[in-house]
Every structure is written in C-alpha cells, then in structure tokens.
Amino acid sequence: MTAAQRVLAILEAFDEDHLVLTLSEISRRAGLSLSTAHRLVGELREWGALERSSEGRYAIGMRVLELGCLEPQGMHLREVALPHLGDLQAAMNANVHLAVRDGHDTVYVESLRARGGAHVLSRLGGRWPLHATGTGQVLLAHASQQFQDEVLALPLQKYTKKTVTDPYELRRVLADVRRTGVAVADESITHNAIAVAVAIRGPRDRVIAAVGVTLHRESWTPGAALPALTTTARAISRALGAPSARRTPAGASAAG
C-alpha cells in the first residue's frame with residue numbers, strides 16, 4: 001500500500017460496530033504491522049483525526065467531522081432541507097432522514113431523531129446498502145438500468161426476514177417505486193419499524209436525494225405518512241430549483 005492508502009486503511013478500520021479501537025485492533029483491521037500502525041496513529045492523533053482515551057483506546061477525532069461538513073453538495077443540500085425536515089419531524093413526531101447515494105450505498109447526510117420515535121439504527125453519516133432502506137430504494141429506482149443491474153448482481157445482505165434480497169423481487173419493488181413515487185420498507189432493517197421515502201429533485205428534475213421517515217409499524221400506515229412527506233420533498237425540490245416542483249402560476253387552472 002502507498003502511504004496514503006495506509007492512512008486511509010486506519011480511518012476505515014472504524015465503523016458503526018467499531019467506534020472505539022485499541023492500537024492492536026486498528027493494526028489488525030487495517031492490515032498493517034503494529035509498528036506501522038503505531039507511527040501513523042500517532043501522526044493522525046497529533047493532527048486531530050484520531051482521539052485517544054485515558055484507557056488507551058482510539059476513536060475518530062473532531063477534525064474529520066469538520067472536514068466532512070465542508071463537502072459542498074451535502075452541505076448545500078442540508079442547508080436547504082433542514083428547516084423543512086424540522087417541520088416534518090414536528091408534524092409527525094417521527095425519525096426523519098435525508099439521504100444521498102454514494103457508490104452502492106445510501107448515506108444519511110441528515111438524521112433527526114424524534115422522542116419516542118421508532119427504534120432505528122441509522123445516524124448522521126450512517127451508510128446502508130441501497131436495497132435495504134426506503135431512501136435507498138428510491139435512489140436505486142431512479143438510477144440507470146446499468147447501475148441497477150450492477151447492484152442486483154451483488155450479494156444482497158439480509159437484515160430481517162423481510163429484507164428484499166431476491167433480484168427478481170427487488171426489480172418489481174423498484175418498478176413500483178418508479179410508478180408510485182414512494183418506497184415502503186417494512187421491517188427491512190429493524191423489527192416493528194416501517195420506512196417510507198420519496199425522491200428529492202434538483203435542477204433538470206434529476207433525482208439527487210431522498211427524504212424518508214421511520215415510523216412505529218403499529219401506529220402509522222404508509223398512506224397516512226405520505227401527505228406530509230411529499231409536501232416536504234416538494235418544498236425542498238422547489239428550493240433546489242426543480243422545474244416540476246414549482247407552484248402552478250395563479251389562474252393557470254381557472255378554466256378547469
């Protein structure tokens with residue numbers, strides 16, 4: 001590995017299930033010798049990319065968060081969307097997620113938790129396979145046919161017995177999403193939770209993101225969640241310059 005690849009391997013050793021690691025764990029997960037890991041971890045800690053606890057364990061440092069917040073597309077999207085996401089959360093008392101596609105995954109660029117909301121494993125910056133989430137299914141449904149074929153050819157992880165992993169069934173699900181404009185992931189990742197998501201469009205009406213809510217399965221139906229969700233998506237899309245989200249000019253329907 002190059003020097004840059006070794007540094008990136010150390011940072012990639014951390015994930016949702018490994019938030020805090022010892023030096024030996026970093027060495028093993030990054031595929032580096034202990035001496036190399038020790039030297040690079042020390043440099044990363046000095047720069048602020050890693051933090052060391054009093055017990056000698058390491059975690060991602062605040063410097064990485066600062067850099068992540070500078071990503072232009074996500075930063076602009078969050079700034080535009082956040083007031084609308086807050087209104088959606090208040091109206092529904094639900095967990096709200098704003099997601100974009102990154103490779104074969106959906107990544108949450110904003111995640112708002114509701115007090116008493118459905119149990120979810122998602123978080124800001126969280127990453128999930130596209131097939132397993134409502135927002136991911138929206139983004140996958142509006143991707144090119146070539147990209148869909150590429151994703152469906154991969155081994156698709158199953159999180160619950162309801163996670164759709166059969167390529168033929170998933171193609172049907174994606175066709176339904178394109179036809180109806182909404183994705184519904186029923187207990188796809190966590191039990192007793194249902195995710196409902198719709199697309200957000202930008203200039204030229206290209207789908208650039210998805211907004212979703214995660215609800216208690218026994219308290220909500222997808223249909224009941226749709227009015228507030230689609231209103232939010234339309235407001236964000238309009239703010240981003242999507243032609244289809246513009247209001248109908250006054251008087252345009254008077255003849256009807």
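Calculation criteria
Residues numbered from 1 in each chain as written. Predicted model: local features only at pLDDT ≥ 70, side-chain atom pairs only at ≥ 80, totals over all residues. Heavy atoms only, no water. Core = buried A, V, L, I, M, F, W, Y, C linked by side-chain atoms within 4.5 Å. Buried < 20%, exposed > 50% of the residue type's maximum accessible area, 1.4 Å probe, protein only. Helix = DSSP H or I, 4+ residues; strand = E, 2+ residues; numbered from the N terminus. Contact = heavy atoms within 4.5 Å. Pairing = 2+ DSSP bridges. Axes fitted to C-alpha atoms, helices over the stretch in contact; angles between N-to-C directions. Phe/Tyr/Trp six-rings, centres within 6.5 Å; stacked < 30°, edge-to-face > 60°. Lys NZ or Arg CZ within 6 Å of the ring centre and 35° of its normal. Parallel < 35°, antiparallel > 145°, perpendicular 65-115°, else oblique. Left-handed = near helix turned anticlockwise from the far one by under 90°. Nonpolar A, V, L, I, M, F, W, Y, C, P; charged D, E, K, R; others polar. Arc of directions from axis to C-beta.

Judged by nonpolar contacts, the single largest core of 27 residues is most densely connected at Leu85, Leu98, Ile200, Val211, Val213 and Leu215. Elements represented by at least two residues in this core include exactly α5 (72-92), β3 (95-102), β4 (105-112), β7 (193-201), β8 (207-216) and α9 (222-239). Looking at this core element by element, the count peaks at 6 residues for α5. Ignoring anything within four residues of it in the chain, the contact list for Ile200 reads Leu98, Arg206, Val207, Ile208, Ala209, Ala210, Val211, Ala233, Ile236, Ser237 and Leu240. Membership of the second largest hydrophobic core comes to 20 residues, among which are Leu130, Ala141, Ala143 and Val177.

Counting buried residues along β3, 6 of its 8 residues qualify, which places the element largely inside the surrounding structure. The pairing of β3 with β8 spans 5 bridges and is antiparallel. Across the sheet, residue Val96 finds its bridge partner in β8, namely Val213. Across 7 bridges, β3 lies against β4 in antiparallel orientation. Residue pairing across strands places Leu98 opposite Glu110, the latter belonging to β4.

Let us look at the sheet that holds β4. Strand order in this open sheet of 6 strands is β5-β4-β3-β8-β7-β6, and the pairing throughout is antiparallel. Only two strands of the sheet have a single neighbouring strand rather than two, namely β5 (127-129) and β6 (182-186). Direction aside, neighbouring strands of the sheet carry axes that sit 30° apart on average.

Counting across every chain of the model gives 1 aromatic pair. Between Arg101 and the ring centre of Phe147, over which it is positioned, the NZ or CZ distance is 4.1 Å.

Taken N-terminus to C-terminus, the directions of helix α2 (residues 23-30) and helix α3 (residues 34-47) make an angle of 110°; their axes are 9 Å apart at the nearest point. Between α2 and α3, the angle is such that the two are roughly perpendicular. Crossing angle aside, the handedness with which α2 passes α3 is right-handed. Listed contacts from α3 to Leu23, Ser24, Ile26 and Ser27 of α2 are Leu34, Ala37, His38 and Val41. Looking at side-chain class alone, the contact of α2 with α3 contains 5 nonpolar, 3 polar and no charged residues.

Take the side chain of Thr232 next. Here Thr232 is to be found in helix α9. Those residues in contact with Thr232 that sit more than four places away from it in its chain are His84, Leu85 and Leu88.

On to α2. Considered for burial, the residues of α2 that qualify are Leu23, Ile26, Ser27 and Ala30. Within α2, the buried residues cover an arc of 100° as seen down the axis, which keeps them to one side. On its buried face, α2 is in contact with α1 (3-12), α3 and β2 (58-60). Gly31 sits one or two residues past α2 and shows a positive phi near 70°.

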